[in-house]
Amino acid sequence: MSELRNPTTGQAPQSPIRAKSEPRFPGGPVADPAGSHHERRIRSFQPRRSRVTAGQGDALERLWPVWGMDIDGHRVLGLDEMFGGLPVVLEIGFGMGEATAQMAAEDPGTGVLAVDVHTPGQGNLLGLAERNGLSNIRVANGDAIILLREMLAPRSLDGLRVYFPDPWPKKRHHKRRLIQPEFLTLAAQRLKPGAVVHCATDWEPYAEQMLEVLSAHPDFENTRDDGGYTPRPGFRPLTRFEGQGLDKGHKVRDLLFRRR
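Residues numbered from 1 in each chain as written. Predicted model: local features only at pLDDT ≥ 70, side-chain atom pairs only at ≥ 80, totals over all residues. Heavy atoms only, no water.

S.K.: Mind showing me how you'd approach the overall build of the protein chain here?
M.R.: Helix and strand counts for the protein chain stand at eight helices and eight strands. By element, 51% of the accessible surface of the protein chain is carried by carbon and sulfur atoms, the whole surface being about 14100 Å². (Helix = DSSP H or I, 4+ residues; strand = E, 2+ residues; numbered from the N terminus. Areas by Shrake-Rupley, 256 points an atom, 1.4 Å probe, with all protein chains shown as cover.)

S.K.: Looking at this model, I keep getting lost on the sheet that holds strand β5 (residues 157-163). Mind explaining?
M.R.: The pairing of strands in a sheet comes from backbone hydrogen bonds and takes either a parallel or an antiparallel form. Spatial ordering of the open sheet is given by β1-β4-β3-β2-β5-β6-β8-β7, a layout of eight strands whose pairing is mixed. Lying at the two open borders of the sheet, with one neighbouring strand each, are β1 (68-70) and β7 (220-222). Neighbour-to-neighbour, the strand axes of the sheet open up by a mean angle of 20°, direction not taken into account. Pairing geometry for strand β6 (residues 191-201) and strand β8 (residues 253-259), over six bridges, is antiparallel. Among the inter-strand pairings, C199 is bridged to a residue of β8, identified as L255. Here helix α7 (residues 204-216) sits on the sheet in contact with β6, β7 and β8, set at roughly 15° to β8. (Pairing = 2+ DSSP bridges. Axes fitted to C-alpha atoms, helices over the stretch in contact; angles between N-to-C directions. Contact = heavy atoms within 4.5 Å.)

S.K.: Help me out: how do you make sense of the packing of helix α5 (residues 144-151) against helix α6 (residues 181-190) in this one?
M.R.: Any two packed helices are characterised by the angle at which their axes cross and by the distance between the axes. It is at 10 Å that the axes of α5 and α6 come closest, and there the two elements cross at 45°. As the angle between them shows, α5 and α6 are arranged oblique. Judged by the sense of rotation from one axis to the other, the crossing of α5 with α6 is left-handed. Here I145, L148 and R149 of α5 come into contact with α6, specifically with F183, L186 and R190. (Parallel < 35°, antiparallel > 145°, perpendicular 65-115°, else oblique. Left-handed = near helix turned anticlockwise from the far one by under 90°.)

S.K.: What's the story with the pattern of salt bridges in this structure? I'm lost.
M.R.: Where charged atoms from two side chains of opposite charge approach closely, those side chains can pair. Enumeration according to the criterion identifies twelve salt bridges in this entry. Residue R75 is joined to D72 by a salt bridge in which the shortest nitrogen-to-oxygen separation is 3.0 Å. The class of D72 is buried, set by a relative accessible area of 17%. Residue D254 pairs with R236 through a salt bridge whose shortest N-O separation is 2.8 Å. (Salt bridge = Lys/Arg side-chain N within 4 Å of Asp/Glu carboxyl O. Buried < 20%, exposed > 50% of the residue type's maximum accessible area, 1.4 Å probe, protein only.)

S.K.: Help me understand the side chain of Q209, please; the structure alone is not making it clear to me.
M.R.: Assignment of secondary structure puts Q209 in helix α7. A polar contact is formed between the side chain of Q209 and the backbone oxygen of I179, at a distance of 3.1 Å. Beyond its immediate sequence surroundings of up to four residues, Q209 is in contact with R177, I179 and Q180. (Polar contact = N/O pair within 3.5 Å; in protein donor to acceptor, adjacent residues only side chain to side chain.)

S.K.: Would you explain the packing of aromatic side chains in this entry?
M.R.: Two measures describe an aromatic ring pair: the distance that separates the ring centres and the angle between the ring planes. In this structure the tally under the stated criterion is zero aromatic pairs. Positioned above the aromatic ring of W168 is the side chain of R176, whose terminal nitrogen or guanidinium carbon lies 5.4 Å from the ring centre. For the cation-ring pair, R236 lies above Y163, with the distance from its terminal atom to the ring centre recorded as 5.7 Å. (Phe/Tyr/Trp six-rings, centres within 6.5 Å; stacked < 30°, edge-to-face > 60°. Lys NZ or Arg CZ within 6 Å of the ring centre and 35° of its normal.)

S.K.: Is there a simple way to think about the packing of helix α1 (residues 54-67) against helix α4 (residues 119-131) in this case?
M.R.: Contact geometry of α1 with α4 gives a least axis separation of 8 Å together with a crossing angle of 70°. Taken as axis vectors, α1 and α4 run roughly perpendicular relative to one another. Taken together, the residues of α4 that come into contact with α1 (itself represented by Q56, A59, L60, R62, L63, W64 and W67) are T119, P120, Q122, G123, N124, L126, G127, A129 and E130. For the contact of α1 with α4, the class distribution of residues is eight nonpolar, six polar and two charged. (Nonpolar A, V, L, I, M, F, W, Y, C, P; charged D, E, K, R; others polar.)

Here it is in structure tokens:
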């Protein structure tokens, strides 16, 4: 069959161009879910643009309405309803989601509210959850600070995971690091007594800062009697990113602190 052409111009029809305001994945995550109704401030994250595979795109379109949510700051989440009464751990920054999915599979009695702004990773984690039958994962898109401050009730979380956050290595960017006293104060308000904050990083100066600010915060205590780092616990998988760092000679540090 010959190709259809415009009878006036003689040219083949062009694919429709998506407007900037038009969602990339209808019914999926939006670019700026909180909009402009929240104050401008220094962000600890920087959205990354990378290609979404066909499989990731399919997962976003099909599964986002089921297991995904945008962090818009307009409502307080009912975690008991979302997770069927399971204890819930908040994970901030999950990359491509492999470790998140593995931990959820090995601990089906815990709900995981996983937050990131990386669209390919969101699609990948949704796909992993579907393929592995993981009903204890929910994927959130947007700013974790707004989620903590506006959308989670006091003492609603049973744990917090922050694995390999952006280290912002340049000194002038240290203010962008997530693990700061102000963040820990906010997190403490949403964590139940006894809940564990688990951080991991392969950037030694950031590990030192994490240990310093967590040790100094009155709402947290180190699970290590010697007040130092914790060897990687068996329940935290060795990630691909982590393996690349180890190959380069990086030291990976885990910190586990308990909410008083």
